[in-house]
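# Overview (structure and organization)
Below, each chain spelled out in residue letters.
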Amino acid sequence: ISNDTGLWVMGGRWESHGSPLVRTWSKLSQTASAGSTQVEVQNDAELKGLSAQSGKVRGVVKIVIKQDQMKGFENGMVLVAHETTPDIIFAMQKSSAIVTDFGGLTSHAAIVARELKKPCIVGTKFATKILKDGDLVEVDADNGIVRILK
């Protein structure tokens, strides 16, 4: 598929006009809406971003956009956010990894992840739209990849 962002989702390889974002291996089955952009993914898809702190963990996703969404955040969950701010530091401390839509190596998420020694991938662009609360993921921050396992 193609969209306004120049993203092409193709079976079995990275395709993009810009930065590589999503990889799938078999037929597409789920649609996530990113504003006016539709991105289709399957459970065995990958998201790619910039590795801000290395490490590799598996965990259950909890999306936190606002501070009040931290309710129910448990130790070892994977924190997924547009970006992080000091008001969600509690969730960052309890998380096993941090994944953001926005940010770079000097973003709040990157700096705090390095201080906490938590695997962190920033700049995925669509993580909060593709991932859902309760998804099992593998965060491979050594390679900047988030794999959806279940």
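Residues numbered from 1 in each chain as written. Predicted model: local features only at pLDDT ≥ 70, side-chain atom pairs only at ≥ 80, totals over all residues. Heavy atoms only, no water.

## Remarks on the pattern of salt bridges
As a reminder, the rule being used: Here, a salt bridge means any side-chain nitrogen of Lys or Arg that lies within 4 Å of a carboxyl oxygen of Asp or Glu. Only DSSP runs of H or I reaching four residues or more are called helices, and only runs of E reaching two or more are called strands; each is numbered from the N terminus. Here's how the labels work: a residue is buried when its accessible area is under 20% of the maximum for its type, exposed when over 50%, partly exposed in between, all with a 1.4 Å probe on protein chains only.
Inspection of the entire model under this criterion finds five salt bridges. Salt-bridge contacts for lysine 62 lead to aspartate 133; the nearest nitrogen and oxygen are separated by 3.8 Å. Of this pair, lysine 62 sits in strand E8 (residues 56–63) while aspartate 133 sits in the loop between helix H3 (127–130) and strand E12 (136–140); the two residues are 71 residues apart in sequence, bridging distant segments of the chain. Looking at lysine 62, the relative accessible area reads 14%, which means it is buried. Its salt-bridge partner being glutamate 138, residue arginine 147 comes within 2.9 Å of it at the nearest N-O pair. When its relative accessible area of 22% is taken as the criterion, arginine 147 is described as partly exposed. On the basis of relative accessible area, glutamate 138 is assigned to the buried category, the value being 9%. Taken together, the salt bridges that share partners define one network made up of Glu46, Arg58, Glu138, Asp140 and Arg147.

## Looking at unusual backbone geometry
With a phi close to 60°, lysine 117 is a non-glycine residue in the positive phi region. A positive phi angle is found at lysine 125, which is not glycine, with a value near 70°. Mapped onto the fold, lysine 125 is located in the loop between strand E11 (120–122) and H3.

## Focus on the confidence of the model for the protein
Put simply, the test is: Residue-level confidence of the predictor, termed pLDDT, takes values from 0 up to 100. In this analysis, two residues are considered to be in contact whenever any of their non-hydrogen atoms come within 4.5 Å of each other.
Averaged over all residues, the pLDDT of the protein equals 80, while 71% of them reach at least 70. Considering each helix and strand of the protein separately, the mean pLDDT is smallest for strand E2 (residues 13–16), with a value of 41, and largest for strand E10 (residues 97–100), with 98. Predicted confidence for residues 6–31 stays below pLDDT 50, and this span has 73 contacts to residues more than four positions away or in other chains. Note that pLDDT drops below 50 for residues 33–43; the model gives that stretch 42 contacts with residues more than four away or on any other chain.

## Focus on the nonpolar core
Put simply, the rule reads: In these notes, a set of buried Ala, Val, Leu, Ile, Met, Phe, Trp, Tyr and Cys residues joined through side-chain atoms within 4.5 Å is what counts as a nonpolar core.
By size, the foremost hydrophobic cluster in this structure holds 18 residues, and its most contacted members are Val78, Val80, Val99, Leu131, Val137, Val139 and Val146. When contributions to this core are tallied by element, the ones reaching two or more residues are E8, strand E9 (78–81), E10, H3, E12 and strand E13 (145–148). Not counting chain neighbours up to four residues away, the residues in contact with valine 78 comprise Gly59, Val60, Val61, Lys62, Phe73, Ser96, Ala97, Val99, Val137 and Val139. Grouped together as the second largest cluster of nonpolar side chains are 16 residues, Ala52, Met70, Ile88 and Met92 included.

## Quick word on the environment of valine 61
Position of valine 61 among the secondary structure elements: in strand E8. On the basis of relative accessible area, valine 61 is assigned to the buried category, the value being 1%. Spatially, the C-alpha atom of valine 61 lies 5.2 Å from that of glycine 134, the residues being 73 residues apart in sequence. Sequence-distant contacts of valine 61, that is, excluding residues within four places in its chain, are made with Val78, Val80, Leu131, Lys132, Asp133, Gly134, Asp135 and Val137.

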